[in-house]
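Listed below, chain by chain, are the residues.
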There are 2 protein chains.
Amino acid sequence: MTRVLVVDDDPQILRALKINLAARGYTVLTAPDGTRALHVAAHDHPDVIVLDLGLPDLDGADVITGLRGWSTTPIIVLSARTDSGDKVEALDAGADDYVTKPFGMDELLARLRAAVRRATTHAVAGEPVVHAGALDIDLAGKQVTRDGVVVHLTPTEWGILELLARHHGRLVTQRQLLAEIWGPHYRNETHYLRVYLAQLRRKLEPDASHPRHLITEPGMGYRFQP
Amino acid sequence: MTRVLVVDDDPQILRALKINLAARGYTVLTAPDGTRALHVAAHDHPDVIVLDLGLPDLDGADVITGLRGWSTTPIIVLSARTDSGDKVEALDAGADDYVTKPFGMDELLARLRAAVRRATTHAVAGEPVVHAGALDIDLAGKQVTRDGVVVHLTPTEWGILELLARHHGRLVTQRQLLAEIWGPHYRNETHYLRVYLAQLRRKLEPDASHPRHLITEPGMGYRFQP
DNA sequence: CGGGAGCGCTAAGAATGCGTCAAGATCGGT
DNA sequence: ACCGATCTTGACGCATTCTTAGCGCTCCCG
């Protein structure tokens, strides 16, 4: 289920969007201002964000910058301002699209689909299954098997493994992992990673004390070696 | 340099876009109709496509579909039609953005930048690897191999090597290295560099006392010679 | 010829980061 | 409200990495 975060200070628009999106099968999260938008985004990790400019507390570009600091979630900006300077500012700050009010609901939905499609096709580019020795990681199905047997992972364990598997072979920094899975405020809680990597190794590695796939790069991060 | 394919049957618009894009440093390819657009796209692999709807030969949605069959290159649609049905059709066919004429050039440029940025940040292909004799430095994966064998580097060692490799062939001053890796307060601690360069040579060079890649420029700094 | 500056090299203690275990705290479902 | 699963937090031993010091070398220049 695709999860959309809608940010708007006008309760009426918020309600209209919520109803329309929910009717199309989206799960809708809402926030009435920039501060709470950043908070919800960090906490719930929506798949796409619809952001109204002209929020009461923060400047729109600052909200975008705040999100882009740690997340690549697509952002579609809504605005009553038709001024091209605003569009340029928002897009250069990292927005993916810019729609001016009044907007057609079907156009917004089409742009939403386009944004989600881009994000998912790029992420899953190629095969949705990563093989590594006796492990098969099904990214689409969110399931891991070891020697053909399904291994049960908790949501956090899966989040870490998924992120590492999507970048398999590459080093993923601790900050990256923490920001993606716990949120940007947890960037320094490297302790969490040690605990969870140990759990993952115990569940997935043949010899947990001599890992072959979940490799630690001291001081830098972790690497999934297929 | 980013390469843009502009598709439009109106020579005047084509010319205006070409001039504006070229002035911003883009390399511009052009095509006057759908058939040739598909041909040029297949042959030259542009980084982004600006596509006018209402081409003389093919329906716009068909051009998009034709491109999407094999390519994920970002497509920005231009159109005089403000009808939301057209927008939905184009976006659902696989377009990334939809701009209605008349459009502001700076807005189009901003949307172009946004499309290119998305495509490149998500890009898995085209990994930047610097080769130097028996050394392969994978900048994205943060990994070095020597004769195909992975060499383990500490964070500081990697930081120095990365900085030198990113400027390969050019001289990097000691102050630059110290400021980038230890912070601006350490600008005079040239001693650190001597210690770490020695370690790097021991790990990477065939003959550490006669370095071929990690070259000292006395009194100035260091240079990575591929 | 002598002295100083800059560099290469080694080695030791200090500091940091990692793995591990285990005990609370929290969450979600019944 | 209870119970199991999951997430947070703390403490400890151990290994790696960073920092710092010392010494010999070469080069340059007076």
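Predicted, not measured: the structure shown is a model, and the values here were computed from it. (Residues numbered from 1 in each chain as written. Chains lettered and ligands numbered in written order. Predicted model: local features only at pLDDT ≥ 70, side-chain atom pairs only at ≥ 80, totals over all residues. Heavy atoms only, no water.)

As a further point, take the sheet that holds strand β9 (residues 149-151) of chain B. All names here are of chain B. Strand order in the open sheet made by the 4 strands is β6-β7-β8-β9, with antiparallel pairing throughout. In this open sheet, the two strands that pair with only one neighbour each are β6 (129-132) and β9. Mean inter-strand twist for the sheet, computed between neighbouring axes without regard to direction, equals 25 degrees. Bridge count for strand β8 (residues 143-146) against β9 is 3 bridges, and the pairing is antiparallel. Opposite Thr 145, over in β9, you have Val 150 as the bridge partner. Along the sheet face, helix α6 (residues 155-166) touches β6, β7 (135-138) and β8 and points at about 95 degrees away from the line of β7. Packed on one face of the sheet, helix α8 (residues 190-204) meets β7, β8 and β9 and runs near 50 degrees to β8. (Pairing = 2+ DSSP bridges. Helix = DSSP H or I, 4+ residues; strand = E, 2+ residues; numbered from the N terminus. Axes fitted to C-alpha atoms, helices over the stretch in contact; angles between N-to-C directions. Contact = heavy atoms within 4.5 Å.)

With that out of the way, let us pick up the protein's contact with DNA strand D. Near DNA strand D you find 18 residues, and of these Thr 154, Thr 156 and Tyr 192 of chain A together with Thr 156 and Tyr 192 of chain B are the closest. Close to the protein, within 4 Å, the atoms of DNA strand D are drawn from sugar and phosphate at a rate of 69%. Taking Thr 156 of chain A, its side chain carries an N or O atom lying 2.5 Å from a phosphate oxygen of DNA strand D. Thr 154 of chain B has a polar side-chain atom sitting 2.9 Å from a phosphate oxygen of DNA strand D. Listing elements by their share of the surface near DNA strand D, those giving two or more residues are α6 (155-166) and α8 (190-204) of chain A together with α6 and α8 of chain B. Classifying every residue of the surface near DNA strand D by side-chain character gives 10 nonpolar, 8 polar and no charged. (Near = heavy atom within 4 Å. Polar contact = N/O pair within 3.5 Å; in protein donor to acceptor, adjacent residues only side chain to side chain. Nonpolar A, V, L, I, M, F, W, Y, C, P; charged D, E, K, R; others polar.)

It is worth spelling out the packing of helix α3 (residues 60-68) of chain A against helix α4 (residues 84-93) of chain A at this point. All names here are of chain A. As a packed pair, α3 and α4 sit with axes 8 Å apart at the nearest point and diverge in direction by 15 degrees. By the angle between their axes, α3 is roughly parallel relative to α4. Both α3 and α4 take part in a crossing whose hand is right-handed. Residues Ala 61, Ile 64, Thr 65 and Arg 68 of α3 touch α4, and the partners they reach there are Glu 89, Ala 90 and Ala 93. (Parallel < 35°, antiparallel > 145°, perpendicular 65-115°, else oblique. Left-handed = near helix turned anticlockwise from the far one by under 90°.)

On to the packing of aromatic side chains. Applying the stated rule across the entire model yields 6 aromatic pairs over all chains. Three or more aromatic residues joined by ring pairs form one cluster here, namely Trp 182, Tyr 186, Tyr 192 and Tyr 196 of chain A. (Phe/Tyr/Trp six-rings, centres within 6.5 Å; stacked < 30°, edge-to-face > 60°.)

Before going further, it helps to examine the protein's contact with DNA strand C. Near DNA strand C, the surroundings consist of 20 residues, among which Gln 174, Arg 201 and Thr 216 of chain A together with Arg 201 and Thr 216 of chain B are the closest. Within 4 Å of the protein, the atoms of DNA strand C are drawn from sugar and phosphate moieties in a proportion of 60%. Contacts to DNA strand C include Tyr 222 of chain A, whose side-chain N or O atom sits 3.2 Å from a phosphate oxygen. Looking at the surface near DNA strand C, the elements with two or more residues in it are α8 of chain A together with α8 of chain B. A class-by-class count of the residues in the surface near DNA strand C yields 5 nonpolar, 10 polar and 5 charged.

Tracing the backbone shows Glu 107 of chain B in helix α5 (residues 105-122). In this view, Glu 107 of chain B contacts Lys 87, Val 88 and Leu 91 of chain A; residues no more than four positions away in its chain are not counted.

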